[in-house]
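Single-letter residue listing:
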Amino acid sequence: MKIPVRWQLTLWYSLLIALVMLVMGAVVFGILRWRLQDSLDDDLQRLAEQVSAEIDVENDEITFLTTPELPAPYGLQVYASASSSIVALGADGQPQHIVSGSRQVVIEAMGGQPAFADVAVGPDDTFRSFVVPIEDVDAGTVVGALQVYRSRGDLDEAIDQL
């Protein structure tokens, strides 16, 4: 049985349009996902700059000039290198548990390199964190690291709804 030319052309055009729509949808999805991630990274960098401006370092001692007030979904930890170990401090200066999974990125920051990391906190939650070194400007050494983080839950939920 031979299919009429009109039906063949209709079929080809339909397949071509479906393919173009599929490719365009994938491109738009990828761009939106990248923009959402980039927006979160920009927020974390901006917040780290703001909090870093409130940190004072004297004689390898890290102190906050004022207690940082973070927007609701954000958190922070300050890591001070005490001898060969890393101690995590909260905004109030009290010791805290190190956010699990962030030790490697903190070590990189202690080496002078700011870094982003996705840290799994449980089976259903991941945090996006940005860690920057804290430098003693007078001594020219890195004395700690500042980590700001936010749950990726909202971001992942927005991506899932696309």
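Residues numbered from 1 in each chain as written. Predicted model: local features only at pLDDT ≥ 70, side-chain atom pairs only at ≥ 80, totals over all residues. Heavy atoms only, no water.

**Digging into the nonpolar core**
One broad rule of soluble globular proteins: the nonpolar side chains tend to lie buried together.
Alright, step 1. The biggest cluster of nonpolar side chains holds 18 residues, and the ones touching the most others in it are I55, I62, I134 and L146.
Alright, step 2. Going through the elements one at a time, α1 (5-52), β1 (55-58), β3 (74-82), β7 (126-136), β8 (141-151) and α3 (153-160) are the ones with two or more residues in this core.
Alright, step 3. No other element matches the five residues that α1 contributes to this core.
Alright, step 4. With nine residues, the next largest nonpolar core counts V106, M110, A117 and A145 among its residues. (Core = buried A, V, L, I, M, F, W, Y, C linked by side-chain atoms within 4.5 Å. Buried < 20%, exposed > 50% of the residue type's maximum accessible area, 1.4 Å probe, protein only. Helix = DSSP H or I, 4+ residues; strand = E, 2+ residues; numbered from the N terminus.)

**A closer look at the confidence of the model for the chain**
Alright, step 1. Per-residue confidence for the chain averages 79 on the pLDDT scale, and 79% of its residues sit at or above 70.
Alright, step 2. Of all helices and strands in the chain, the one with the weakest mean pLDDT is strand β4 (residues 85-89) (55), whereas α1 scores best (93). (pLDDT = per-residue confidence, 0-100.)

**Remarks on α1**
Alright, step 1. Here α1 spans 70 Å end to end across 48 residues, near enough to the 70 Å set by a 1.5 Å rise per residue.
Alright, step 2. For α1, every residue scored as buried is listed here: Q37, L40, D41, L44, L47, A48 and V51. (Expected span 1.5 Å × (residues − 1).)

**Considerations on the environment of D160**
Alright, step 1. With respect to the helices and strands, D160 occurs in helix α3.
Alright, step 2. By relative accessible area, D160 is classed as exposed at 65%.
Alright, step 3. For D160 and R33, which are 127 residues apart along the polypeptide, the C-alpha to C-alpha distance reads 10.0 Å.

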